[in-house]
Amino acid sequence: MKKKLPRVELECLPQIPTATVLWSAHFSAMPNFPIDGGAELCVTPSGGVGKQPLSLNFQCRHVRRMLSINSGGFAGRLHWAVMAPDGSWQAPKVQPDGSQDCDGVASSAHLNGDGNVTMTFRGGEVPEKITLVVVIEVQGQTHWLKGPGGENFVIEVAQLAAEVGGGALGGDTRVAERVAKWPELEAAKAAVAASSSPDGIAASPTQRRRKTSDASPVANGSDIFVKAGEMQAEQGMGSLKWTTTSSKDQVSVFIEAFLELTEDASVQLHWGAAKAAGAEWQPVGALPPNSKAFDDIAARTPFVGQARLAMSFRHAQAPRWLSFVVYIKIGSGEMWLKREGGDNFWLPVMASPDECPQPTASGGEVSGGDKFCQAETRYQHFTQFQRLCICSDALAAGVDFESAAWVTTVLCLADAKALEWYRKSGYQPKDMAHAQERIGGVISSAVANAVEPRVRTLLRLAVKAVPRGSSGGGDAIRHGILNIMRNHGIKEGHRPGIECKFIEQWHQKLHTNSAPDDIAICEGYLAFLQSGNVDDMWRVMWEVGKLTHEDLGKMCQMGFKDHTKSGGRGLNFTPVHLPHMYNDVKGFLGLLRHVHGGTDLFALCEACKGQYPDHESECLAFTIFHSRDDPFSLGKILDLRRRLESLTWKRDVLMLDVAMEEQLRMLAERSNVGDMQRDDLLTFIFLILEDLMLSRHDPSMQQGYALLQKLQGLPGKWEPEWCKMLHAACDRLALTCTATADAVSTALQECADKLLEAGSRPGAVFSPEQKHLGSFGEEKARCLTERVLAQTLKVFMPQLRRWSGLGPWEVVALGSAGGALGALRACNELPAEAPPSPELLVCSSMTGWEDIPANIHAILLPAGQAVDTLSHVAIRARNQEVLLASCDEEAQLDQLRKLQGQNLKLQVSATGEVTWQQSSEKSQLKNTSANAFLAETMKPPPAAPAIVLPSSDFKKHNKCIGGKSLHLAELASDGTYDVPKSATIPYGIFEQVLKDQVNEGIEQELQEIVAEGNLAEARQFLEDELVVPDTIRPALDAALGASAKALDAGDWQRALKRVWASKWTDRAVASRKQMKVPDKALYLAVLVQPLVHARYAFVIHTRSPLPGANKEEALVELCVGLGESLVSNAPGRALSASVAGESITVHVFPSKPEGVFVPEGGTAIFRSDSNGEDLEGFAGAGLYDSVTVKDCEHRSIEYAEEPLIFDSAFRSQLLQKLFRIGRHIEKNFSGKPQDIEGAVTADGKIVVTQSRPQV
């Protein structure tokens, strides 16, 4: 039998415990291991109950003395591994928090400057034993410290876990058994049924297919109800299911616990009543028979067999809300278990669950964002200490983009004092110091292990908001202020002395709420001691910590008792001027900085002593600090960051690395790139890009860097062709940077908005201010180096176009007769509604999927928003005779914006330049909404002869299929290209399926949903509920032959239903409404094809739509991967070239950062083929969805080895071949210009997938 280590039982916690799980057992005698030479290693375990993590704190004592380390820093770590039964070293199954893999077997846990480190093992991941040695690096020497006789240390982890809580290994805990039925609950439900229905027969609810939200019955308007739900306990300990019933006689509460506990644990409900969720507890009128009062407010009720409890109340005495924690006692230890997220459990007894914004009020798990919202806005007791604990737990549980965004949001907002630091709770300074140290260590581990570059970006922002922390100085803060008070005779509680209410209050704060703002308080107090002017104190507190009188007032009422009996003014007192205390307080400031500070550049350079890779790196760090404002330090910073890269898993090194990145960003922002020579500017771009690569580990940036390096080595530098290539490389980088900055900004702002929303709900105890959170995401995104690089490229790229021989304008749609007339309007995006009179728009952004409303005659964009020639918006622009162009000179667009409201005439020259002048002319262009005959044109199709038509029948039944299918049948190949095997589900089949007996009621219910305007629900309803006839698949197999195997890549029926359901996309419905096309006039056929394994996708415009093009020229566009990147206007540009016989002019080289590729094993695509496409006056292409059976893969593109850019012979041969194919296909359609889409396979085959009349 294992010998149990002694426990000490702590006194009972207050009514509502702190927001984290507390385990009150501590060891009176910690396991100590002597180190050979005179030092010792102390191990302190904590946690480990059920699935609760087990933490082992290691402290190396007397190491400085043993190794004669008199001054300076030293680096230390635990070099450890799991000990196998045969004594060999093994890697842990999962790395505990605070540790990193070292060599695939051994791991390293980095010691802080006080010789401490904590490793936290998750439940089920605790090893039996670990073995370790202590490694100390100092003054160029490495010391391997072992036990007596040179033996490795062996830690009996399993035994420690059993002593602390008995459950960390998972073998000693279980969920308590119980009988299946609960007679008391069944009887209570029967009483409710009898109360609500005298005859005892309940009416059967109407059965509906439609998915509706199931709202729990509520008490409002009736005292007869049954409500039920489920809530998750924190730390993965289990769940609680609850039911409340109200009959004519009484109200009953039933709670069933499913908690993993040891058999000897006793479980009680520690509860109170509240009027609202999140409100203070109030006395209960009369306790249920099985409950006992704990104090004047709280009560306790035991769970029978750790499984169930029931409480009954008279109606007049039933609480509106029941708030509780689960009190668990095992031996002399105790635990306060809260709900997932750290708040009390809240159960609606007489209230409606809708009154509580917490998702678990009626069941279900809490999302990461909900946990943070609840903690920040609803916890009655919450401080910065709990915030750091929650963030550490969130990161330790596994980091994804969402959790990284939430951690960064709350840490940064708290650092900016936009969130509360003190809310009716206290903690010891050593706990705060440890929490600060832990969050730094957890973040460094998370950054080191992050695979997603944007997660690294977010976490590095969070690092800036985290104090360095030092767990070794926590107790010293408490003792330090006491020593100052006693040495100088300051009154302390009942101890007589000089009465200084400021010092008395600050002393209490330091005992219960010590935090980084104490540094600002101390500096302000020092300024007062030096000058005797209290205004100096307030000024310095603001300058150093942005502390206001309001902040100082909260520090009393929120954190601790007002021992001055002054009415809760916090620290808003004028101190007694005691200048002789100056030196002692200044020394105390050093301690506060040691524990709570350490994030300034010099302090971090100091903290990394002993952790630098070499002495030269240490000297370089201090050299940078002393010349930190010198622009020539940019290269030095980059040099140091390269040296530190392999060590950023260490907390201090990561913090220094982040500080160095920030210093480089600030120096780069101050640089005047407009005055740089082009070679210097290119070098500057390389420098910033390499800095970003060190921080992000982003493959897309690495590929962009490789492309720049490849271009650097080419001949013809700064010649037009080379400048076009460099422009494409810069465009790719700019898009990558912008995408990262936008994603970070959006994610952070979404978190901030959710905090604002949570704070506005009933029951919130704290509401953040809009002024602090309204633009939070954008403000943090401005702190990213990506923004600096993007702004630099924005200056550089227009110059590259000029050196390439290109003007500032790029036109993709010429408008009416090469121009446009109308009143100018500046806007952020295309309006949804048509203006009453013709307008010319200067838009800030465009996605490429927009519909162009009537009376819009021109759309002018910044170069960063330029669209591909075959993007859907470009097709619509040409179809509606709208001028669509982009400009890379912001000054020209600004000139146009200043002409807001004026009537202008725009003209496009033969060289593609856009000019304008004021004009009194009125536009003669017809309104571009529906032509009067359009609805007449879209007459109902004839009945389909079969449920599926093979491509051989397309011409025969051309009235039953769409333009895509029909034009495929007319693609007579000359042997230079292939046409994919195809089949079409014709017009009218969808309508037949809706009326099929197996889908009875579907059509009517669909119409109801559409009539309500719930289009998203309508699409989901069809996808979930529509039954596809069994006859379709055999017909597809017969029509497609061997190609039909592509249908087996996934759920082909879902793909088909999604195409049919796309009749009710928002854009499609809005477009039909604008064009006055009734829903019943729009029919959807579906073209089914195997998806071509495309190396490249192409579009051939057999007659170039560019300004000044002659009739012999074709415009060819090529992108890497599938054509989705082209037609969807994915960010970046495709290769664009004018081809006329042997003559080739490349206008733009490809720059799309990401390509779309066929998934492994192949797949099929179901293409929408409506009767509303390719019609005069109605550019319906792209309004309806095309869906692959299996999702395609999205990958970043490596252009450094791309022959489209660097192999001119390959590029020319491919472009000329596509030109000839275009001319041949044009002849098939009586010489009418065509837009032809297709793919080039890896072996060079050309596959034409679509041809349609050119617009």
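Fair warning: this is a prediction, and the values are worked out from it, not measured in the lab. (Residues numbered from 1 in each chain as written. Predicted model: local features only at pLDDT ≥ 70, side-chain atom pairs only at ≥ 80, totals over all residues. Heavy atoms only, no water.)

Engineer: Got a minute to help me understand the overall build of the chain in this structure?
Structural biologist: When helices and strands are counted, the chain shows 37 helices and 47 strands. The buried share among the 1255 residues of the chain stands at 56%. With an accessible surface of roughly 50,900 Å², the chain has 50% of that area assigned to carbon and sulfur atoms. (Helix = DSSP H or I, 4+ residues; strand = E, 2+ residues; numbered from the N terminus. Buried < 20%, exposed > 50% of the residue type's maximum accessible area, 1.4 Å probe, protein only. Areas by Shrake-Rupley, 256 points an atom, 1.4 Å probe, with all protein chains shown as cover.)

Engineer: In this structure, what is going on with the packing of aromatic side chains? I would like to understand it.
Structural biologist: Under the definition given, this model contains 26 aromatic pairs. With a centroid separation of 6.5 Å and 55° between ring planes, the pair formed by Trp421 and Tyr422 is classed as tilted. For Trp421, a relative accessible area of 6% translates into the label buried. When the centroid spacing of 5.1 Å and the interplanar angle of 20° are considered together, the rings of Phe990 and Trp1060 count as stacked. With Phe990 in helix α29 (residues 989-995) and Trp1060 in helix α33 (residues 1052-1061), this residue pair connects regions lying 70 residues apart in the sequence. The buried category is assigned to Phe990, whose relative accessible area is 2%. Among the residues examined, Trp1060 registers a relative accessible area of 0% and is labelled buried. Among the aromatic residues, those joined into a cluster by ring pairs are Phe502, Trp506, Tyr525, Phe528 and Phe588. The residue whose ring lies beneath Lys417 is Trp421, and the NZ or CZ to ring-centre distance is 4.5 Å. The side chain of Arg628 reaches across the aromatic face of Phe625, ending 4.2 Å from its centre. (Phe/Tyr/Trp six-rings, centres within 6.5 Å; stacked < 30°, edge-to-face > 60°. Lys NZ or Arg CZ within 6 Å of the ring centre and 35° of its normal.)

Engineer: What should I look at first to understand the pattern of salt bridges in this one?
Structural biologist: It is possible for side chains bearing opposite charge to pair when their charged atoms get close. On inspection of all chains with the given rule, the structure shows 59 salt bridges. Between Arg651 and Glu437 there is a salt bridge, with its nearest N and O atoms 4.0 Å apart. Separated by 214 residues along the polypeptide, Arg651 in helix α18 (residues 651-670) and Glu437 in helix α7 (residues 429-449) bring together distant segments of the chain. Take Arg651 and Glu437: they sit in the same class, and that class is buried. (Salt bridge = Lys/Arg side-chain N within 4 Å of Asp/Glu carboxyl O.)

Engineer: In this structure, what is going on with helix α8 (residues 453-463)? I would like to understand it.
Structural biologist: Since there are 3.6 residues in each turn of an α-helix, residues three or four apart along the chain are aligned in direction. Of all the 11 residues making up α8, 10 are buried; the element is thus mostly covered by neighbouring parts of the structure. Taken as a whole, α8 has its buried residues at Pro453, Val455, Arg456, Thr457, Leu458, Leu459, Arg460, Leu461, Ala462 and Val463.

Engineer: I tried to follow the side chain of Lys724 on my own but got confused; where do I start?
Structural biologist: Relative to the elements of secondary structure, Lys724 occurs in helix α21 (residues 720-759). No salt bridge forms around the buried Lys724; measuring N to O, its nearest opposite-charge neighbour Glu721 is 4.7 Å away. Reaching out from Lys724, the side chain makes a polar contact with the backbone oxygen of Val1146 at a distance of 2.7 Å. (Lys, Arg positive; Asp, Glu negative; His and termini not counted. Polar contact = N/O pair within 3.5 Å; in protein donor to acceptor, adjacent residues only side chain to side chain.)

Engineer: I keep staring at the packing of helix α17 (residues 633-644) against α18 and nothing clicks. Help me out?
Structural biologist: One way to put it is that α17 packs onto α18 with a least axis distance of 10 Å and a crossing angle of 155°. One element, α17, and the other, α18, form an angle in the roughly antiparallel class. In this structure, α17 crosses over α18, and the sense of that crossing is left-handed. Here Ser633, Leu634, Ile637, Leu638, Leu640, Arg641 and Leu644 of α17 come into contact with α18, specifically with Val653, Leu656, Asp657, Met660, Glu661, Gln663, Leu664, Leu667 and Ala668. Partitioning the contact of α17 with α18 into residue classes produces 11 nonpolar, 2 polar and 3 charged. (Axes fitted to C-alpha atoms, helices over the stretch in contact; angles between N-to-C directions. Parallel < 35°, antiparallel > 145°, perpendicular 65-115°, else oblique. Left-handed = near helix turned anticlockwise from the far one by under 90°. Contact = heavy atoms within 4.5 Å. Nonpolar A, V, L, I, M, F, W, Y, C, P; charged D, E, K, R; others polar.)

Engineer: Would you mind going over the nonpolar core with me for this structure?
Structural biologist: Here is a general trend for soluble globular proteins: nonpolar side chains tend to be buried in one another's company. In terms of nonpolar packing, the biggest core is built from 190 residues, with Phe502 and Trp506 touching the most fellow members. Considering each element in turn, this core owes the most residues, 19 residues, to α21. In this view, Trp506 contacts Ile481, Asp518, Ile521, Cys522, Tyr525, Leu571, Phe588 and Leu592; residues no more than four positions away in its chain are not counted. Counting 46 residues, the second-largest nonpolar core is a separate cluster that includes Ala983, Leu1056, Val1059 and Val1077. (Core = buried A, V, L, I, M, F, W, Y, C linked by side-chain atoms within 4.5 Å.)

Engineer: Can you help me understand the packing of helix α5 (residues 384-396) against α7 in this one?
Structural biologist: When two helices pack together, you describe them by how their axes are tilted relative to each other and by the distance separating the axes. Contact geometry of α5 with α7 gives a least axis separation of 9 Å together with a crossing angle of 30°. The orientation of α5 relative to α7 falls into the category roughly parallel. Seen from above, α5 lies across α7 with left-handed handedness. Contact residues: α5 offers Gln384, Phe385, Leu388, Cys389, Cys391, Ser392, Asp393, Leu395 and Ala396, while α7 offers Asp431, Met432, Ala435, Gln436, Arg438, Ile439, Val442 and Ile443. Grouping the amino acids of the contact of α5 with α7 by side-chain chemistry returns 11 nonpolar, 3 polar and 3 charged.

Engineer: In this structure, what is going on with the environment of Asn1228? I would like to understand it.
Structural biologist: Looking at the element boundaries, Asn1228 is found in helix α37 (residues 1208-1228). When residues no more than four places from it in sequence are discounted, the contact partners of Asn1228 are Glu970, Leu971, Ala972 and Tyr977.

Engineer: Where do I start with the sheet that holds strand β44 (residues 1187-1188) in this structure?
Structural biologist: Consider a sheet: its strands pair through backbone hydrogen bonds, and that pairing is either parallel or antiparallel. If you walk across this open sheet you meet the 5 strands as β35-β36-β37-β43-β44, and the pairing is antiparallel. In this open sheet, the two strands that pair with only one neighbour each are β35 (949-950) and β44. Bridge count for β35 against strand β36 (residues 983-985) is 2 bridges, and the pairing is antiparallel. By the bridge assignment, Pro950 is partnered in β36 with Ala983. Of the strands in this sheet, β35, β36, β37 (1084-1090) and β43 (1164-1170) touch helix α32 (residues 1032-1040), which is tilted by about 155° from β36. Packing of α33 onto the sheet brings it into contact with β36, β37, β43 and β44, and relative to β43 it is tilted by some 20°. (Pairing = 2+ DSSP bridges.)

Engineer: In this structure, what is going on with the sheet that holds strand β33 (residues 903-908)? I would like to understand it.
Structural biologist: On the basis of which strands lie adjacent, the open sheet formed by 7 strands has the order β28-β32-β31-β30-β29-β33-β34 and mixed pairing. Since the sheet does not close on itself, it has two edges, and those belong to β28 (809-814) and β34 (914-918), each with one partner. Taken over all neighbouring pairs, the strand axes of this sheet differ in orientation by 30° on average, direction set aside. As defined by bridge partners, β28 adjoins strand β32 (residues 883-887) across 5 bridges and the pair is classed as antiparallel. The partner of Ala813 across the bridge, within β32, is Leu884.

Engineer: Whenever I open this one, α17 confuses me. Can you help?
Structural biologist: Helix length check: α17 (12 residues) gives 16 Å between terminal C-alpha atoms against 16 Å at 1.5 Å per residue, within 8%. Taken together, the buried positions of α17 are occupied by Ser633, Leu634, Ile637, Leu638, Leu640, Arg641 and Leu644. Around the axis of α17, the buried residues are gathered within 165° of arc, so they sit on the same side. (Expected span 1.5 Å × (residues − 1). Arc of directions from axis to C-beta.)

Engineer: When you look at the environment of Asp652 in this model, what are you seeing that I'm missing?
Structural biologist: Note on placement: Asp652 falls in helix α18. Remark: the alpha-carbon pair of Asp652 and Gln611, spanning 41 residues in sequence, is separated by 8.4 Å. Excluding anything up to four places from it in sequence, Asp652 contacts Arg468, Ala607, Cys608 and Gln611. A distance of 3.2 Å separates a polar atom in the side chain of Asp652 from a polar atom in the side chain of Arg651.

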